[in-house]
Amino acid sequence: MPAKLNIGLSRKVGEANYSSRGASVNLEVELDSGTISDRQLLRRRVRSLYAMARRSVEEELARIFHPLF
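Residues numbered from 1 in each chain as written. Predicted model: local features only at pLDDT ≥ 70, side-chain atom pairs only at ≥ 80, totals over all residues. Heavy atoms only, no water.

Caption draft 1: Layout of the overall build of the chain. For the chain, the helix and strand inventory stands at two helices and two strands. Each helix (α) and strand (β) of the chain, taken in turn from the N terminus, gives the series β-β-α-α. Referenced to the eigenvectors of the C-alpha coordinate spread, the extents of the chain come out at roughly 50 × 25 × 15 Å. Expressed as a percentage of its 69 residues, the buried residues of the chain come to 20%. Looking at the chain alone, contacts between residues at least 24 apart form 52% of all its contacts between residues at least 6 apart. Counting only carbon and sulfur atoms, one obtains 51% of the accessible surface of the chain, whose full area is about 5400 Å². Averaged over its 12 positive side-chain charges, the chain has a centre that lies 5 Å from the centre of its 8 negative ones. (Helix = DSSP H or I, 4+ residues; strand = E, 2+ residues; numbered from the N terminus. Buried < 20%, exposed > 50% of the residue type's maximum accessible area, 1.4 Å probe, protein only. Contact = heavy atoms within 4.5 Å. Areas by Shrake-Rupley, 256 points an atom, 1.4 Å probe, with all protein chains shown as cover. Lys, Arg positive; Asp, Glu negative; His and termini not counted. Charge placed at Lys NZ, Arg CZ, Asp CG, Glu CD.)

Structure below.
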């Protein structure tokens, strides 16, 4: 039986004059029973999704700060 996994990450960066900018991302994936039953595979999948979320947030923050990025 498949299950859904939701990974979320957000980051806020302080700026001058009490300002800030932020970005967040939420990923939802459906996992098959083989992934769920294999702890090592599940951990790798979760780490991979968090890494993807982290890269996306960092890229978005860079794009907001440098619009031509």
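Caption draft 2: Just the pairing of strand 1 (residues 3-15), in detail. Two strands pair when backbone bridges link them, and strand 1 and strand 2 (residues 19-31) are joined in this way by 13 bridges, in the antiparallel orientation. Note on strand 2: the bridge partner recorded for Ile7 is Leu27. Between the end of strand 1 and the start of strand 2, which pair antiparallel, lie three residues, with Asn17 showing a positive phi angle near 60 degrees. (Pairing = 2+ DSSP bridges.)

Caption draft 3: Structural context of unusual backbone geometry. Residue Asn17 is not a glycine yet carries a positive backbone phi of 60 degrees. Its location among the elements puts Asn17 in the loop between strand 1 and strand 2. Positive phi, normally seen in glycine, also occurs at Tyr18, with a value near 60 degrees.

Caption draft 4: Region of the structure containing the pattern of salt bridges. The full count for this structure, using the stated rule, is four salt bridges. The residue Glu28 makes a salt bridge to Lys4 at a minimum N-O spacing of 3.7 Å. Here Lys4 lies in strand 1 and Glu28 lies in strand 2, a separation of 24 residues in the sequence. Of the charged contacts, one joins Arg21 and Glu15 as a salt bridge, the two residues approaching to 2.5 Å between their closest N and O atoms. (Salt bridge = Lys/Arg side-chain N within 4 Å of Asp/Glu carboxyl O.)

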